[in-house]
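One letter stands for each residue in the lines below.
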Amino acid sequence: MTRDNYRSGYVAVIGRPNVGKSTLVNALVGEKVSIVTSKPQTTQINILGIVHLPHAQIMLVDTPGLLSGRGKRLSSKQTRKETRNALAMADLAVVVVEVNRWKKEDDYLMERLGEFNFEKILAVNKIDLFKDKSQILDFLAQSSTKGSFKEIVPISALRDKNITRLRSLMEANLPFQTPQFSKTTVTDQSTVFRISEIVREKLMKCLRDELPYSLTCEVDHMEEKNNLILIELSILLFKESHKKIVIGKNGRTLKQVGTESRREIEKLLGKKVFLSSVVKTSQKRRI
Ligand SMILES: Nc1nc2c(ncn2[C@@H]2O[C@H](COP(=O)(O)OP(=O)(O)O)[C@@H](O)[C@H]2O)c(=O)[nH]1
Ligand SMILES: [Mg+2]
């Protein structure tokens with residue numbers, strides 16, 4: 001392998017919350033490296049997802065999203081810093097928007113992107129929601145006036161539509177460079193972090209509107225005994241009063257979160273898992 005025929009580089013995946021950035025990163029990597037919920041603010045830090053191709057390595061940086069206006073106050077300084085860092089290291093950006101929903105936040109993002117001189121590819125996501133192709137075509141035409149995009153690709157990250165095409169376009173726009181990660185690496189996140197994220201995802205899904213503002217998961221201990229992985233995990237909340245929401249009536253919510261998390265952790269580790277969780281209050285602020 002020489003520098004002349006191998007490409008590799010960082011691709012910042014950006015867009016307002018909930019457009020499907022994490023779903024897209026998982027679809028491209030072919031494994032769940034970043035958690036997904038129907039809530040904004042699911043992704044809290046930049047997550048690296050690595051795509052290995054015969055002649056390229058695409059290092060996708062899944063970002064928490066960049067907000068403006070009211071959202072700007074809602075998103076923390078930390079999450080905005082994460083997005084800035086992703087942009088600073090990017091060789092290419094994939095801007096994700098929702099088909100037929102170009103919002104003010106998308107305009108704000110395009111304005112901010114003007115400062116950077118990497119190429120931009122626009123991924124118009126969720127095309128599965130529209131059966132009428134003419135509506136999609138109109139939106140694609142309008143989108144092309146919103147910024148200088150090297151390519152505009154309609155996709156469905158959830159239904160795996162046009163993902164291969166997007167991947168080829170990303171590859172073609174990366175610099176010639178040798179790979180930076182071994183072929184077996186799909187993310188820069190540690191296994192314990194991925195486990196804590198799986199539990200946070202299940203909690204966010206189970207609690208829906210009752211979700212406490214501040215919620216963190218941490219693996220305290222993990223060991224293997226007789227082919228079983230024992231995991232002790234803490235769910236940290238900011239307020240004592242939030243405990244009963246997370247635990248649920250007769251411990252039902254916590255039990256459901258535990259069962260769903262265990263199943264997914266078993267898939268990740270390829271082994272049987274015993275998961276025990278404790279709910280605590282902590283004055284540590286969420287990101
Ligand atoms: N219908 C549809 N829903 C999608 C698609 N991609 C993502 N979603 C949903 O949009 C929501 C937000 O997705 P997520 O990946 O967490 O968005 P992010 O905040 O941009 O990372 C989730 O409920 C996803 O299942 C898609 O292609 N089609
Ligand atoms: Mg996300």
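Before reading on, note that the structure itself is shown above.
Residues numbered from 1 in each chain as written. Chains lettered and ligands numbered in written order. Predicted model: local features only at pLDDT ≥ 70, side-chain atom pairs only at ≥ 80, totals over all residues.

Novice: Requested: an account of the overall build of the protein, with residues and values cited.
Specialist: The number of helices and strands found in the protein is 9 helices and 9 strands. The C-alpha atoms of the protein give a radius of gyration of 20 Å, which matches the 19 Å a tight globule of 287 residues would have. Based on the C-alpha atoms only, the size of the protein along its principal axes is roughly 55 × 45 × 35 Å. Considering the protein as a whole, with its 287 residues, one finds that 37% of them fall into the buried category. (Helix = DSSP H or I, 4+ residues; strand = E, 2+ residues; numbered from the N terminus. Rg over C-alpha atoms; globule rule 2.2 N^0.38 Å. Buried ≥ 20, exposed ≤ 12 C-beta atoms within 10 Å, placed from the backbone.)

Novice: I'd like a description of the site of ligand 1, backed by residues and values.
Specialist: Neighbouring residues of ligand 1: 22 residues in total, closest Gly20, Lys21, Ser22, Thr23 and Leu158. A total of 3 residues in the shell around ligand 1 trace back to one element, the largest contributor, which is helix 1 (residues 21-29). Tallied by class, the residues present in the shell around ligand 1 amount to 6 nonpolar, 12 polar and 4 charged. (Near = placed C-beta within 6 Å. Nonpolar A, V, L, I, M, F, W, Y, C, P; charged D, E, K, R; others polar.)

Novice: Give a description of helix 9 (residues 252-269) that names residues and reports values.
Specialist: With 18 residues, helix 9 should reach 26 Å at 1.5 Å per residue; the first-to-last C-alpha distance of 26 Å fits that figure. Within the sequence span of helix 9, burial applies to Val257, Ser261 and Ile265. Looking down the long axis of helix 9, one finds its buried residues gathered within 60 degrees of arc, a one-sided arrangement. The exposed residues of helix 9 that point more than 90 degrees off its buried face are Arg252 and Thr259. Here the buried face of helix 9 lies against helix 7 (191-207) and strand 9 (272-281). (Expected span 1.5 Å × (residues − 1). Arc of directions from axis to C-beta. Contact = placed C-beta atoms within 7 Å.)

Novice: Can you lay out the pairing of strand 5 (residues 119-125) for me, pointing to particular residues and giving the numbers?
Specialist: With 6 of 7 residues buried, strand 5 is to be regarded as a mostly interior element. Pairing geometry for strand 4 (residues 92-98) and strand 5, over 7 bridges, is parallel. Each bridged residue has a counterpart across the sheet, and for Val97 the counterpart in strand 5 is Val124. Across 4 bridges, the pairing between strand 5 and strand 6 (residues 151-154) is parallel. Of the residues in strand 6, the one forming a bridge with Ile121 is Glu151. Handedness of the crossover is the feature at issue here: the chain leaves strand 5, passes through helix 5 (residues 133-143), returns alongside strand 6, and the resulting connection is right-handed. (Pairing = 2+ DSSP bridges. Right-handed = clockwise from strand over helix to strand, strands pointing away.)

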